[in-house]
Amino acid sequence: MKLLFGLILLLIASSALAATTEVRTQIGPLMNPPVVSGKDLYLLATTGVLYQTDPLITKTKILFQTKINSICPLTLKDSVLYFGEGLHDDLKTEFYAYDLKQQKLKFSLPQEGHIERAPLITSDKIFIGLGPGGIAAIDLNTQKILWSKKKIEEGDLHIDSTPISYKNMICVASIYTYKGVVCLNEANGEKVFTISLEKNPKSEIRLSGHLLFGMSTEATMVDTNWKTPSTLYVIDLDKKKKTIDVNLRGYNFFASTLTSAQEVFLGLSTGDMILVNLHDGRITFVGEMKAPIVSTPFIRHGFYCAVSIEGRLRCYQRGKDEFKLAEEQEWQEVISGVVSSINGKFYIPTRAGYRLVQ
């Protein structure tokens, strides 16, 4: 994905500038959360190095190295880690499965395209977005391709989103040639329906009950025009139609944070922290930063929190009529990616490992 490609080049080139410990310097830039298995954490740096570490990340063990850089999140199923590789310009890549019990690669599958987002893994299938390669369904047990889809009547598919499963359908967001959400038959890949969008749906998509939502924008990370607007769209998968369009004055390429079945928490490139109702599109203002937010906002100790790209943490407490600033910290390092919480610890991705916050 071009918009992430520019940021990754920046992160890789300057990772040592923000390092505060030897371990963080070794790990380098991250964009995705770690996964936990047993007493250990596993993380994949954008350099393609797969690490095993402790929850406090005081020491690391290198398990594997991808052939090229990777911004793909790790997906864990039955003690096996699944992940891909490749940035926007990569057209020949690999999809990997690493067995944690055996401490070795289980299999590697060559792909036409790149894998920037996590696969969807069901009980017997793997669904992978392949950028210009569209989407492929793979048998989990035999690793054989069951079906693939690179083009529909409306145009070529470019899938840089994690597939979503809903009632025997697989839904993805397609950018560039065909802009919109595409839902396919899970068994054979045939098109069920599409929802066209005016702008590229470049953010991750999420599901709240029968509602699929994401953000579309013409912004690119290469240009870093933080004031480029976006649109939060909501699609009713049962009715097969778009129900909400909410125009926003900034954008974010990562997944939004659900706070309830009907409310989503957004951090935008303009520094805005807002809540949007998925049923009526109503916007509630939470707070703001003086710098862009290019990471996922999160709920911490009941507070609504986000971190700016410059490393400022702000958390707001929700009151009866307004939100009040409850906490603020300055870290002075580049923050970009998906914030996660594991056993009460928040792992915030930076250009030099994770910053841990209780």
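Residues numbered from 1 in each chain as written. Predicted model: local features only at pLDDT ≥ 70, side-chain atom pairs only at ≥ 80, totals over all residues. Heavy atoms only, no water.

Visitor: Is there a simple way to explain the overall build of the chain in this structure?
Guide: Helix and strand content of the chain: two helices and 33 strands. Scaling as 2.2 N^0.38, a compact globule of 358 residues should have a C-alpha radius of gyration of about 21 Å, and the chain matches this with 19 Å. Along the first, second and third principal axes, the C-alpha atoms of the chain reach 50 × 50 × 35 Å. Counting over 358 residues, the chain shows a buried share of 60%. (Helix = DSSP H or I, 4+ residues; strand = E, 2+ residues; numbered from the N terminus. Rg over C-alpha atoms; globule rule 2.2 N^0.38 Å. Buried < 20%, exposed > 50% of the residue type's maximum accessible area, 1.4 Å probe, protein only.)

Visitor: Explain the pairing of strand E2 (residues 40-44) here, please?
Guide: Regular strands place their side chains on alternate faces of the sheet. Of all five residues that make up E2, four are buried, and the element is covered over most of its length. By the bridge criterion, three bridges tie strand E1 (residues 35-37) to E2 in an arrangement that is antiparallel. When the bridges of E2 are listed, Val-36 appears paired with Leu-41. Between the end of E1 and the start of E2, which pair antiparallel, lie two residues, with Gly-38 showing a positive phi angle near 65°. As judged from the four bridges shared by E2 and strand E3 (residues 49-53), these two strands associate in the antiparallel manner. The residue of E3 that forms the bridge with Leu-41 is Thr-53. (Pairing = 2+ DSSP bridges.)

Visitor: Just checking my understanding: could you explain the pattern of salt bridges for this structure?
Guide: Opposite charge on two side chains makes pairing possible when the charged atoms of those side chains draw close. Under the counting rule described, the total for this entry stands at 16 salt bridges. The salt bridge involving Glu-94 is made with Lys-67; its shortest N-O contact spans 3.3 Å. Taken as a pair, Glu-94 in strand E7 (residues 92-99) and Lys-67 in the loop between strand E4 (60-65) and strand E5 (75-77) lie far apart in primary sequence, 27 residues in all. Residue class for Glu-94 comes out buried when judged on its relative accessible area of 11%. The shortest N-O distance in the salt bridge between Lys-242 and Asp-245 comes to 2.8 Å. Classification of Asp-245 by relative accessible area gives partly exposed; the value is 44%. Look at the salt bridges and you will find they share partners, linking Arg-312, Arg-314, Glu-328 and Glu-330 into a network. (Salt bridge = Lys/Arg side-chain N within 4 Å of Asp/Glu carboxyl O.)

Visitor: How do you make sense of the side chain of Asp-54 when you look at a structure like this?
Guide: Of note, Asp-54 is situated in the loop between E3 and E4. For the buried Asp-54, which has no salt bridge, the nearest side chain bearing the opposite charge is Lys-59, at an N-O separation of 6.1 Å. Of note is the side chain of Asp-54, whose polar atom sits 2.9 Å from the backbone nitrogen of Thr-58. Ignoring sequence-local partners within four residues, the contact set of Asp-54 consists of Leu-41 and Lys-59. (Lys, Arg positive; Asp, Glu negative; His and termini not counted. Polar contact = N/O pair within 3.5 Å; in protein donor to acceptor, adjacent residues only side chain to side chain. Contact = heavy atoms within 4.5 Å.)

Visitor: Is there a simple way to explain the environment of Glu-198 in this structure?
Guide: Residue placement: Glu-198 occurs in the loop between strand E18 (191-196) and strand E19 (206-208). According to the relative accessible area criterion, Glu-198 is exposed, its value standing at 76%. Separated by 19 residues in sequence, Glu-198 and Thr-217 place their C-alpha atoms 8.7 Å apart. Filtering out sequence-adjacent residues up to four positions away, Glu-198 remains in contact with Lys-179 and Glu-218.

Visitor: Would you explain the confidence of the model for the chain in this entry?
Guide: Taken residue by residue, the chain gives an average pLDDT of 93. The fraction at 70 or more is 94%. Below pLDDT 50 for its whole length, residues 1-20 participates in 53 contacts with residues either more than four positions away or in separate chains. (pLDDT = per-residue confidence, 0-100.)

Visitor: Got a minute to help me understand the sheet that holds strand E25 (residues 272-277) in this structure?
Guide: In sheet architecture, strand pairing relies on hydrogen bonds along the backbone and comes in two forms, parallel and antiparallel. With respect to topology, four strands assemble into an open sheet ordered E23-E24-E25-E26, the strand pairing being antiparallel. Each having just a single partner strand, strand E23 (257-258) and strand E26 (283-288) make up the two edges of the open sheet. Note that E23 and strand E24 (residues 263-267) share two bridges and pair antiparallel. If you follow Leu-258 over to E24, its bridge partner there is Val-264.

Visitor: Even after reading the chapter, I still don't get the sheet that holds strand E12 (residues 145-149), so can you show me in this structure?
Guide: One open sheet holds the four strands; their spatial order is E9-E10-E11-E12, and the pairing between them is antiparallel. Only two strands of the sheet have a single partner each, and these edge strands are strand E9 (120-121) and E12. By the bridge criterion, four bridges tie strand E11 (residues 135-139) to E12 in an arrangement that is antiparallel. Bridge assignment links Ile-138 to a residue of E12, and that residue is Ile-145.

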